[in-house]
Amino acid sequence: MQIGKVLNNSEPDRFLKPVRFIILFFFLFLFNNAFANDSIVIGQASKYVITDKLGQVYIVNTADELVKYNAQGQQQFIYFDRTLGEISYIDATNPFQVLVFFEDFQTVVWLDRTLNPMSTMNLSDFGFFQLNTIAVASDNRLWIYDNTTFQIKKIDNQGEVIVESMELNNLTTNLNPNFIIEKNNRIYLNNPITGIYVFDIFGQYIETIPILNLTTFQIIDGQLWYQNKTEFNSYHFKTLQTEIIDLPFRIEAKQTVFKQKNNWFWVKGEEVVIVEK
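Residues numbered from 1 in each chain as written. Predicted model: local features only at pLDDT ≥ 70, side-chain atom pairs only at ≥ 80, totals over all residues. Heavy atoms only, no water.

Engineer: Before we move on, could you go through the pairing of strand S16 (residues 195–200) and cite the residues and values that matter?
Structural biologist: Across the six residues that make up S16, a large majority, six, are buried. Of the strand pairs in this sheet, strand S15 (residues 186–191) and S16 are connected by six bridges, and their pairing is antiparallel. Note on S16: the bridge partner recorded for asparagine 190 is isoleucine 196. As consecutive antiparallel partners, S15 and S16 are separated by three residues. Across four bridges, the pairing between S16 and strand S17 (residues 205–209) is antiparallel. Considered in S17, the bridge of tyrosine 197 is made with threonine 208. Hairpin remark: S16 followed by S17, antiparallel, with four residues in the connecting loop; positive phi at glycine 203, about 80°. (Buried < 20%, exposed > 50% of the residue type's maximum accessible area, 1.4 Å probe, protein only. Helix = DSSP H or I, 4+ residues; strand = E, 2+ residues; numbered from the N terminus. Pairing = 2+ DSSP bridges.)

Right, here's the structure in full:
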């Protein structure tokens, strides 16, 4: 008498497939919810994004408006000036005195914490023309790369040169810097073709870091952090070693990412995602 049915070899797999699918769906659900709970999405198409030391976000949108958000992703203030052309660069090293640079008119506008203009500086008035590389110094003066003399210079708000370097065409003839920053008593000038030139606060040349083809980078905890296509790397100043940083998400082409304190800022084109580290 037959009291049961004997399962063939394919039947256990038929029962296990739905179970596997349910388990996979469950883990994907947990991952997506964990990511959502630890992230903030700012739905703003962007041309340029930076943050300050307080975790506040500054976005230049496609209408060429500078929009400030607090660390919780809430919109706070907006600044624009249609008479000066497109915004070329922002520096929020000092969140209470934000620099906005309009390259077309060689003009710097200083904004307060609510993005109201405090003062304007036309660099052409002081004999500086066609500048495209500028940054705030630690004493709220300006670092510039003067492409007529091939020097980095620190200038005050009257255009007076306080510090200047050697002529950098003595190092290379391929000079077309696109980024400068001061951090921890060092000035870093990025020249994509040859690397990153490092100077002390007196403008004395120290070394060249052989990392090429960058548009921007960060200096954090004795390391140089930068994006390399779809990877994020750190270069250690002491060991001279480069390592790939594990991110909690995957960078796709034309996306950018940078770090501020315990957060990652993931710029995805139509939105900016703040992800807790």
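Engineer: Mind laying out the pattern of salt bridges, listing which residues take part and the relevant values?
Structural biologist: Following the criterion strictly, the structure yields seven salt bridges and no others. Among the salt bridges present, the one from lysine 47 reaches glutamate 86, with a minimum N-O distance of 3.9 Å. Taken together, the residues span a long stretch of sequence, with lysine 47 in strand S2 (residues 46–51) and glutamate 86 in the loop between strand S5 (75–79) and strand S6 (89–91) at a distance of 39 residues. Measuring nitrogen to oxygen at the nearest pair gives 3.5 Å for the salt bridge that ties glutamate 271 to lysine 268. Since its relative accessible area comes to 31%, lysine 268 is described here as partly exposed. A single salt-bridge network, built from bridges that share partners, covers Lys47, Asp64 and Glu86. (Salt bridge = Lys/Arg side-chain N within 4 Å of Asp/Glu carboxyl O.)

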